Structures are given as C-alpha cells and as structure tokens.
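A structural walkthrough
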Amino acid sequence: MTDTGQTVEAVFRIESARIIAGVARIVRDVGIAEEIAQDALVAALEQWPESGVPDNPGAWLMATAKHRAIDLVRRRETYARKLAEVGRTLADAPPPGPPADPDDIDDDLLRLIFTACHPVLSTRARIALTLRLLGGLTTQEIARAFLASEPAVAQRIVRAKRALAKAGVPFEVPYGPDRDARLSSVLEVIYLVFNEGYSATSGDDLVRPGLCEDALRLARVLQGLMPREPEVHGLAALLELQSSRIAARTGRDGEPVLLADQDRTRWNRMLILRGLDALTRAGRGPYSTQAAIAACHARAVRYEDTDWAMIAALYDRLIALAPSPVVALNRAVAVSMAHGPAAALELVDALKDEPALSGYHLLPSVRGDLLRRLGRPDEARAEFHRAAALTGNERERDLLLRRASADPS
C-alpha cells in the first residue's frame, strides 16, 4: 500500500466512528451509515493519491459522507419533505444551539454508542457491533480477538444491524427513566470487552492488550460525552487502574504472574494517576466500587502493604449493589487475606453448589490456595488439577498445573 493509502486507512480508523454517527443522524440507519462511510473511504483512496491529502482529512471524509447521505435521502423521498425532516443541508447548516434541557445531549457519537448497545441485541451482538462501529475494528480483527471465525462474526454484525432496523430503534440518546437502563447496557459492553482482553477466556495468551486498549478508549470517549454520570467515571477509573497492571501480569515468555509476585515498578504510573483522578468524580455504584478496590491495590507500594480489610469492606458494598457468585468468591479471597484462610474457606464452600460457578475454574483454584495455606496439600493439589481441567486458557492451565506440582513447603 502507498504512503497515501496508509494515511487514508489511518485517518479513517480514527474518524470512522464520528463519520458513521454523523451520517446515521441523517439516514437513521447504522447499517446504511457504515456503508456510506466506507464509500467515503473509497473516494479518498481514489482521489487523495492525485490531489494530495487535505489539510483536514477527517473533515473531508465527514463532508463527503454527509453529501452522499443527503443524496441518498433526496433519492428516497422528495427533496422538500426530507429537508424539512433533516432540518438543514450540509452546506448551509448553522451550528446547533445549546440544548434547552440540561439533560438533552446533542452528540451524534453518543447516539451511536447507545444505538450499538441497544438491549434489543444479544450481548455478543452488542459487543461485535460496538467494536465494529465505535472501535473501528475490522471483522477479521474482531474474530481474531475473540477466537471466533470471521464468517460467524460477520453474520453476527449483519444480523445486529438488521435487528436494529427491524425493531425501529431510534437514533437517539434515551431520556428520563430509560437512560439508566440503557446506560448500564453501554457500560456492560465496554466492561465485557475489557475483561476479555484482561483475562482471555480461551487461547494461548493470558492477555489481549488490544481489546483492553479499545475498551479503555471507549470509556474515555464516554467519559467526555457524559461528564455528569458518576458510574461512567467509575468505569473509566476501573479500566485505567486495571490497565496499569497489564505489563506486569505476564512474564518474559507470556506466563501469568500472580498479583503477589508482580514487579510493581512495571505498573504504569500515568494510568494509575488517571484512574485515581477519575475515581474522584465517581459515585458509589458497582463500577465505582470495583474501581475503589483497584485503587487499594494501586496505592500499595508492596503487596504486603495492601489494605485487605478495606478491600473486604468494599466487597461487602459491592455484593449489596450487584450480588453474584463471582463477587462472593472475590470477597472470600479478600476475607482470606484480611482475616485468614479458615474464615474464607467456609465462604468458598458455601459457593460449591452455585450453578453459575459449576464450570468456573477460579472456584477450585481459590479453594486450592486456601487449603494449601491451611496445611492440607493433598486436597489443594486435587483442587488445582480440577481448576486446570476447567480453564480454556493455555497459560492459566500451565500455571495451575505448576501450582499443583509445587512443593507445599
């Protein structure tokens, strides 16, 4: 590819979400908006090698896409009727005035985020569509990140666009009581994308940093668009703080490094500072509480300095806000560090019959650690073997098998 072609691709990757959002406001269909954005990309690939890269390439792509969108609208319906609906042409469009209602957010990108994460779609469809439209990832990149086939991901995205069109999902930011429910869906998608990158559920790599970076970028965008939403800042704080530890979570050969053994000089101080700053604007919701837990780890200079009593108390708050067996298991780990393994083992044993944890490898892994600390090495070894059989991640399996064979002394 020529230098100009590489420039076009790079600019489009950065600007594609805003272009799609701007066009979707005109055509009211995210699938058609993406097609028009791709048409603008093709036009740039054809024209820029001869005319040169414009001074503002993003604006050129946006203008080209919007002109094509308006042409499409004119072909579909009468010019006068559609202009009355759209409200203005691209050329003579005055800038929008400030919203009359402070709750009224006039931002195309925010509309696109809420549309891509609409609850009418399945969770997997929301994730794929969000990464495609907002993350700028190709279908191939999404498939590789989630270890899925490219045709399967492509079909998932196509079906998601059709589902939005069939359901008549409006291209808008929800207001009033609908906003909280819809915002929780948006936050969940970003959180799930990050988690899959932070602890890959399958494959040969423990961490997929690219997915973490995509999720963190989306969280920062949302933070800028919704600065008065405490849980948005809470999610951003959580992802900043978790991202700060990524480099230290694996060794030279990609093997997992447990929190107690991590070299904290490899933690990214800039991300920690960003996370702590975001935490000052967070609230007391589930993501904000998880961020506060992550902050306890970030503030500890050494593993031995960790305030486990505070972490256990924060898990008490989290389990009241968002009760789940996984949160209860994490709380048991904090209790084990604050109050000893015996107290924690009772909590873990109470979770053994939870259906949601029946195939969750961290349940026997945690139990194995507690049993080893209680001087019951044979039982611990069996638990680590069971955990290794349950995980789909090769790196975690190797670590668990090493722990099973390690000398308990």
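All values reported here derive from a predicted model rather than from experimental measurement. Within each chain, residue numbers correspond to sequence positions counted from 1 in written order. Under the rules for a predicted model, residues below a pLDDT of 70 receive no local features and side-chain atom pairs below 80 are neither given nor counted, while totals for whole chains, interfaces and linings still include all residues. Side-chain calculation: all heavy atoms of the structure are included, whereas hydrogens and water are not.

**Notes on the packing of aromatic side chains**
Applied cut-off: Between 30 and 60 degrees the pair is tilted, below 30 it is stacked and above 60 it is edge-to-face, where a pair is any two Phe, Tyr or Trp rings, Trp via its six-membered ring, whose centres lie within 6.5 Å. What counts as a helix is a DSSP run of H or I of at least four residues, what counts as a strand is a run of E of at least two, and both are numbered from the N terminus. The classification of residues rests on relative accessible area computed with a 1.4 Å probe and restricted to protein chains. Under 20% of the type maximum is buried, over 50% is exposed, and intermediate values are partly exposed.
Across all of its chains, the model carries four aromatic pairs by this definition. Measuring from ring centre to ring centre gives 5.2 Å for Tyr191 and Tyr287, while their planes differ by 65 degrees; the resulting arrangement is edge-to-face. On the criterion of sequence distance, the pair formed by Tyr191 in helix H9 (residues 177–198) and Tyr287 in helix H13 (residues 286–299) is long-range, its members being 96 residues apart. Tyr287 carries the same exposure label as Tyr191, and that label is buried.

**A short note on the pattern of salt bridges**
Quick reminder of the rule: By definition, a salt bridge exists where a carboxyl oxygen of Asp or Glu is found within 4 Å of a side-chain nitrogen of Lys or Arg.
What the rule picks out here adds up to 20 salt bridges. Across the pair Arg74 and Asp71 runs a salt bridge, and its minimum N-O distance is 3.6 Å. Placement of the pair is Arg74 and Asp71 together in helix H3 (residues 57–76), with a separation of three residues, close to one helical turn. Asp71 sits in the partly exposed class, given a relative accessible area of 35%. When the shortest N-O distance is used, the salt bridge between Arg274 and Glu240 registers 3.1 Å. Linking Arg274 in helix H12 (residues 269–279) with Glu240 in helix H11 (residues 230–243), this pair joins segments that are 34 residues apart in sequence.

**Observations concerning the nonpolar core**
Spelled out, the test is: Definition of nonpolar core: a set of buried residues of the types Ala, Val, Leu, Ile, Met, Phe, Trp, Tyr and Cys, connected through side-chain atoms within 4.5 Å. Residue contacts follow a heavy-atom distance rule, with two residues in contact if any of their heavy atoms lie within 4.5 Å.
Membership of the largest hydrophobic core comes to 91 residues, with the highest contact counts inside it found for Val27, Ile190, Leu222 and Leu239. No other element matches the eleven residues that helix H1 (residues 3–27) contributes to this core. Dropping the residues within four chain positions of it, Leu222 is found in contact with Leu110, Ile113, Leu183, Val186, Leu187, Ile190 and Val232. Residues Ala328, Ala344, Leu345 and Leu400 belong to the second largest nonpolar core, which totals 18 residues.

**Considering the packing of helix H14 (residues 308–321) against helix H15 (residues 325–339)**
To keep it simple, the criterion reads: Here an angle of 0 to 180 degrees is reported between the N-to-C directions of two axes, which are lines fitted to C-alpha atoms, with helices fitted over the stretch in contact. Angle categories are assigned with fixed cut-offs, so that under 35 degrees is roughly parallel, over 145 is roughly antiparallel, 65 to 115 is roughly perpendicular, and the rest are oblique. Whether a crossing is left-handed or right-handed is set by the direction in which the near helix is turned from the far one by less than a right angle, anticlockwise for left-handed and clockwise for right-handed. In this count, Pro and Cys sit with the nonpolar residues alongside Ala, Val, Leu, Ile, Met, Phe, Trp and Tyr, while Asp, Glu, Lys and Arg are called charged and the others, Gly among them, polar.
Between H14 and H15, the least distance of the axes is 8 Å, while the angle of their chain directions is 155 degrees. Relative to H15, the element H14 is oriented roughly antiparallel. Relative to H15, the crossing made by H14 is left-handed. Here Trp308, Ala309, Ile311, Ala312, Tyr315, Asp316, Leu318 and Ile319 of H14 come into contact with H15, specifically with Val327, Ala328, Asn330, Arg331, Ala334, Val335, Met337 and Ala338. In terms of residue class, the contact of H14 with H15 is built from 13 nonpolar, one polar and two charged.

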